[in-house]
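The residues making up each chain are set out below.
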Amino acid sequence: MPNTQHLPRYLPEQTYEWNYKHAPEPVDREVPSFPGCWSFCGLPVPSPLGIPAGPLLNGKWVLYYASLGFDVLTYKTVRSSSRACYPLPNLQPVQTSSLEGTETAVKLSAEMQGSWAVSFGMPSAEPDVWRRDVEQTRKQLSAEKRLSVSVVGSLQPDWSLEDLADDYARCAKWAIESGADCVETNFSCPNVCTRDGQLYQQPEAAALVASRVKAVSGTVPYLIKIGHLSQKAEAHAFLQAVLPFAAGIVMTNSVATTVVDDQGTPLFSGEQRGICGAATRQASLNQLRLFTELIAELPADQPRPDLISCGGIGSASDVRTFLAAGANATHLATAAMCDPLIACQIRKELAATS
């Protein structure tokens with residue numbers, strides 16, 4: 001097995017645009033099989049391992065991680081118009097233990113210790129660019145792999161909620177026309193202050209947007225990505241609002257808080273940023289257990305969406321734990337960005353103990 005330090009990966013010291021243009025080529029390596037039979041929102045897949053929206057900036061990044069043992073590849077969130085990325089730092093390592101969502105701040109770290117603050121702001125290429133890229137990527141991706149495309153509405157100053165919902169649906173329709181196996185709407189981005197990033201906290205608005213997207217998605221599985229919900233009443237309200245529409249719920253985006261330096265001075269102009277990585281693992285697991293409980297309480301005739309967990313998952317033990325807690329799939333972002341061989345390592349360990 002080659003030294004993982006020599007495999008290409010996203011370089012945080014470089015800009016988003018640089019990393020977009022310098023995507024690595026797929027690697028030719030043997031990937032261990034994953035024990036068991038698996039599906040993703042009704043679609044057969046070789047394993048429950050995937051990449052959530054974030055690390056896969058374009059089709060070349062998708063194909064690279066597909067070659068490294070990930071089976072559901074989520075194309076980074078795209079829009080109906082281009083949008084630039086926030087300035088550096090986009091990935092700022094932080095010092096923190098397990099987060100609960102009540103923290104007022106975390107301190108920056110000079111080195112990566114398992115968690116970082118994410119500050120991209122949901123950038124997007126022009127629609128003509130990403131639509132062609134999705135189409136070409138799906139053609140190059142092996143048939144057993146699933147390409148999910150994450151979309152978000154781009155709220156304009158004079159728009160109503162209906163306008164925003166139509167924009168979500170427009171992007172979803174384009175993604176499906178380009179060949180996406182699944183489409184995901186991002187209802188959570190802690191790095192923006194507009195309504196498009198907070199829909200998971202607004203059940204009625206979420207239901208309206210989800211209904212518009214479902215109307216264009218047809219038989220293509222439709223997933224909704226949400227942020228951190230820790231209270232049962234809030235989680236129940238959201239679940240009931242989207243049950244008629246969602247084939248899957250993807251959680252947890254991140255846990256948001258302020259980042260400060262050693263002198264206590266806030267970074268990012270004092271605005272909150274989503275913390276991702278190991279520090280969010282317990283919060284993500286708690287949220288999964290909460291939603292598993294809520295789904296178990298549903299009447300027999302109500303649909304039961306798949307639960308796709310992300311947030312701090314980084315080992316075979318984590319995968320076992322999240323699957324046992326009710327996850328239908330386990331997606332890795334921070335761990336995969338830091339160690340491109342993580343899926344192969346997880347597969348090897350689980351195959352040896354099955």
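Quick note: structure is the one above.
Just so it is clear, the structure is predicted and the values come from calculations on it, not from any experiment. (Residues numbered from 1 in each chain as written. Predicted model: local features only at pLDDT ≥ 70, side-chain atom pairs only at ≥ 80, totals over all residues. Heavy atoms only, no water.)

1. Re the packing of aromatic side chains
Counting across every chain of the model gives 11 aromatic pairs. Taking the centre distance of 6.4 Å and the plane angle of 40 degrees together, the rings of Tyr10 and Trp61 count as tilted. Highlighted residues: Tyr10 in the segment before α1 (16-21) and Trp61 in helix α2 (residues 59-66), separated in sequence by 51 residues. Trp61 gets classed as buried once you look at its relative accessible area, which sits at 1%. When the centroid spacing of 6.2 Å and the interplanar angle of 80 degrees are considered together, the rings of Trp61 and Tyr64 count as edge-to-face. Residue Trp61 and its partner Tyr64 are located together in helix α2, separated by 3 residues, close to a single helical turn. Ring pairs connect the aromatic residues Tyr10, Tyr16, Tyr20, Trp61, Tyr64, Tyr65, Phe70 and Phe120, which therefore count as one cluster. (Phe/Tyr/Trp six-rings, centres within 6.5 Å; stacked < 30°, edge-to-face > 60°. Helix = DSSP H or I, 4+ residues; strand = E, 2+ residues; numbered from the N terminus. Buried < 20%, exposed > 50% of the residue type's maximum accessible area, 1.4 Å probe, protein only.)

2. Describing the side chain of Gln287
Position of Gln287 relative to the elements: it lies in helix α7 (residues 281-296). Judged by relative accessible area, Gln287 falls into the buried class, the value being 1%. A polar contact is formed between the side chain of Gln287 and the side chain of Thr252, at a distance of 2.8 Å. Those residues in contact with Gln287 that lie beyond four places of it in its chain are Ile226, Gly227, His228, Leu229, Met251 and Thr252. (Polar contact = N/O pair within 3.5 Å; in protein donor to acceptor, adjacent residues only side chain to side chain. Contact = heavy atoms within 4.5 Å.)

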